[in-house]
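# Coordinate inspection notes
This is what each chain is made of:
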Amino acid sequence: MKRISLTQYLVEEQRQHNSIPAELRLLIEVVARACKTISHAVGKGALGEVLGTAETENIQGEVQKKLDIISNEILLEANEWGGHLAAMASEEMESIHPIPNRYPKGEYMLLFDPLDGSSNIDVNVSIGTIFSVLKAPEGMAQPTEADFMQPGTQQVAAGYAVYGPQTMLVLTTGNGVNCFTLDREMGSWVLTQRNMQIPAKTKEFAINMSNARHWHPPVKRYIDELLAGETGPRGTNFNMRWIASMVADVHRILNRGGVFMYPADLRDTSMPGKLRLMYEANPMAFIVEQAGGAATDGKQRIMDIQPHKLHQRVPVFLGSRDEVAVVTSYHQA
Ligand code: AHG
Ligand code: MN
Ligand code: MN
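Residues numbered from 1 in each chain as written. Chains lettered and ligands numbered in written order. Predicted model: local features only at pLDDT ≥ 70, side-chain atom pairs only at ≥ 80, totals over all residues. Heavy atoms only, no water.

If you look the chain up in an unreviewed UniProt entry, it shows as Fructose-1,6-bisphosphatase class 1 from Duganella fentianensis. Its UniProt record gives the chain the following Catalytic activity (unreviewed entry) comment, quoted word for word: "beta-D-fructose 1,6-bisphosphate + H2O = beta-D-fructose 6-phosphate + phosphate". The heading Sequence similarities (unreviewed entry) in the UniProt record of the chain holds the text "Belongs to the FBPase class 1 family." (UniProt positions renumbered as here; feature names shortened; annotations may be inferred.)

### Details of the UniProt feature "binding site: substrate" (unreviewed entry) in the chain
The sites that UniProt annotates as "binding site: substrate" (unreviewed entry) are Asp116, Gly117, Ser118, Ser119, Asn208 and Lys274. Here, the largest pocket is lined by Asp116, Gly117, Ser118, Ser119, Asn208 and Lys274 out of the annotated residues. With respect to the helices, strands and loops of the structure, Asp116 is situated in strand 5 (residues 108-116). Residue Asp116 is classed as buried on the basis of its relative accessible area, which comes to 5%. Other than its neighbours up to four places away in sequence, Asp116 contacts Ile127, Gly128, Ile130, Ser245, Met246, Val247 and Glu280. (1 Å grid on protein atoms, 1.4 Å probe; cavity = no way out; pocket = protein on both sides within 12 Å on 5 of 7 lines; lining within 4 Å. Helix = DSSP H or I, 4+ residues; strand = E, 2+ residues; numbered from the N terminus. Buried < 20%, exposed > 50% of the residue type's maximum accessible area, 1.4 Å probe, protein only. Contact = heavy atoms within 4.5 Å.)

### A short note on the site of ligand 1
Among the 18 residues in the neighbourhood of ligand 1, the closest are listed as Asp116, Gly117, Ser118, Met246 and Tyr262. The contact in question runs from an oxygen atom of ligand 1 to an N or O atom on the backbone of Gly117, over 2.9 Å. With respect to ligand 1, the side chain of Glu280 contributes an N or O atom lying 3.5 Å from an oxygen atom. Considered on its own, ligand 1 offers 470 Å² of accessible surface; in the complex 87% of this is hidden by protein. Judged by the proximity of its atoms to the pocket grid, ligand 1 belongs to the largest pocket. For the shell around ligand 1, the secondary structure elements donating two or more residues are strand 5 and strand 13 (259-262). Residue classes in the shell around ligand 1 are distributed as seven nonpolar, four polar and seven charged. Counting the residues that make up the shell around ligand 1, at least three belong to each of domain 1 (6-193) and domain 2 (204-332). (Near = heavy atom within 4 Å. Polar contact = N/O pair within 3.5 Å; in protein donor to acceptor, adjacent residues only side chain to side chain. Areas by Shrake-Rupley, 256 points an atom, 1.4 Å probe, with all protein chains shown as cover. Sits in = over half its atoms within 2 Å of the grid points. Nonpolar A, V, L, I, M, F, W, Y, C, P; charged D, E, K, R; others polar. Domains from an automatic or database assignment.)

Right, here's the structure in full:
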């Protein structure tokens, strides 16, 4: 098999479609390199003393794991000095992180969830990193949070790395979705899946069922119908999977279809769902749509939402097109 590296893929993509300017290519390569470093830390586990909690809280009031902090620092350090970015933002930092004045600035802005699936870190289950790339607004001087308030349709690239039995990088720059596998011995990312496509139909769903008693009626109706199986209104049996790492659940769905849901519920109406729009829902929505799937908040397309806060949360329904359409239609009924 002829091996195509991430670098070769990016260079050829630029030549053929003119879609990846040099600065964006550098950005993607730097993020990929940081993910390689995170993958290495994850793989060491207890031997690298990276497991367990850091006993600090992030802006969302969640206890941070050591790896949340380590991964955040790896991404910050890798991306500060290259000259390709104006600012960064992260799940683990309350405010945006402008590029320090000692470094040149570029025209892109990077957002990330440095370590997704934190509850799985200490139990050796797949975790990941999610990222989204926006362009800095024209004429921006000193970046502020307001400059990040762009809908997901404005993303120029998005991707995730999944640290599982294999470490993989899934990437879109708006021209389909491709997957690269980390060759651990060579230290290089190798193209292993081109143009990933999510089947439109599925018989598999993913939701945290323990929240069922809090769900709004449309979600309850949809899941009840799936659970009713062959003799219910859907006339067929559905299977369920829930990994509790969005990256790993989305990766399964990209490969064999499925519908992933993290709805808002009745517990706290000031908290619309759990997942964050800017660095979880938007990048995943971009990837899923580029693979022929769909992503809504139950009412509208996720990528059309106008953000108003860096850490805002959003209900998420994404994956196989036909199922996302059904659950979305129940919200509109
Ligand atoms: P994070 O670890 O970045 O905080 O994200 C965890 C998210 C997401 O990855 C996953 O789908 C979901 O939280 C799991 O939620 P439950 O704990 O309700 O299963
Ligand atoms: Mn996350
Ligand atoms: Mn996280």
